[in-house]
Amino acid sequence: MVEIVMNELSYFANITLSSFYFDVNKDCLYADRPDGIERRRVLTVLDQTLATMTKVLAPVLPHLAEEVHATLHGPDTSSVFTSPWTPLVSTRRTREIAA
């Protein structure tokens, strides 16, 4: 089971994010105004993605997950293991998953 989760996360990070999402949105991230709405939308999605991936990786890579969590929320925050799990709403699913 761990192997399946790790393979899916690796595929998501390397193919979906890197090859598709970053390629489509890199101009927005680099060229748009820092307070522009499109740039803020992309950053919000990336922030939510990182937070979710950190929680999913935590049982397998606890030290990495704790370091990422502390970097995102500050060194004085509680552990990633005490943060609540937020289920994804159905509108966030891809067409492949929904089909």
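Conventions adopted
- In this numbering scheme, every chain counts its residues from 1 along its sequence in written order.
- Where totals are concerned, whole chains, interfaces and linings use all residues; where local detail is concerned, this predicted model gives features only for residues with pLDDT of at least 70, and gives and counts side-chain atom pairs only at 80 or more.
- Here the side-chain values reflect all heavy atoms present in the structure, with hydrogen atoms and water set aside.
- Throughout, the bend at a residue refers to the angle made by two axes, fitted to the seven residues ending there and to the seven starting there.
- The way it works is that DSSP assigns letters per residue, a run of H or I at least four long becomes a helix, a run of E at least two long becomes a strand, and they are numbered from the N terminus.
- Whether a residue is buried, partly exposed or exposed follows from its accessible area with a 1.4 Å probe, protein chains only, as a fraction of its type maximum: under 20%, in between, or over 50%, in that order.
- We define a nonpolar core as any set of buried Ala, Val, Leu, Ile, Met, Phe, Trp, Tyr and Cys residues linked to one another through side-chain atoms lying within 4.5 Å.
- Any pair of residues with heavy atoms lying within 4.5 Å of one another is described as a contacting pair.
- Residue count minus one, scaled by 1.5 Å, sets the expected span of a helix.
- The directions from the helix axis to the C-beta atoms are what the arc is built from.
- To obtain an axis, a line is fitted to C-alpha atoms, over the contacting stretch when the element is a helix, and the angle between two such axes runs from 0 to 180 degrees between their N-to-C directions.
- Crossing handedness is read from the near helix: turned anticlockwise from the far helix by less than a right angle, it gives a left-handed crossing, and turned clockwise, a right-handed one.
- Here the nonpolar group is Ala, Val, Leu, Ile, Met, Phe, Trp, Tyr, Cys and Pro; Asp, Glu, Lys and Arg are the charged ones; every other residue, Gly included, is treated as polar.

**Quick look at helix α1 (residues 2–31)**
Then, number 1: At Phe22, α1 shows its strongest bend, of approximately 50°.
Then, number 2: Leu9, Leu17, Tyr21, Asn25, Cys28 and Leu29 are the residues of α1 that are buried.

**Points about the nonpolar core**
Then, number 1: Leu9, Leu17, Tyr21, Cys28, Leu29, Val42, Leu46, Met53 and Leu57 form the largest nonpolar core, which has 9 residues in total.
Then, number 2: Sorting the residues of this core by element identifies α1 and α2 (37–57) as the ones contributing at least two each.
Then, number 3: Ranked by residues supplied to this core, first place goes to α1 with 5 residues.
Then, number 4: Setting aside its immediate chain neighbours within four residues, Leu9 contacts Met53, Val56 and Leu57.

**Here's the deal with α2**
Then, number 1: With 21 residues, α2 should cover 30 Å at 1.5 Å per step; its first-to-last C-alpha distance of 30 Å lies within 8% of that length.
Then, number 2: Within α2 the residues assigned to the buried category are Val42, Leu46, Thr49, Met53, Thr54 and Leu57. End-on view of α2: buried residues confined to an arc of 130°, all on one side of the axis.
Then, number 3: Those residues of α2 hidden inside the fold are in contact with α1 and α3 (62–73).

**Focus: the packing of α2 against α3**
Then, number 1: As a packed pair, α2 and α3 sit with axes 9 Å apart at the nearest point and diverge in direction by 145°. Viewed along their axes, α2 and α3 form a crossing whose handedness is left-handed. Taken together, the residues of α3 that come into contact with α2 (itself represented by Asp47, Leu50 and Thr54) are Ala65, Val68, His69 and Leu72.
Then, number 2: In the contact of α2 with α3, the residues fall into 4 nonpolar, 2 polar and 1 charged.

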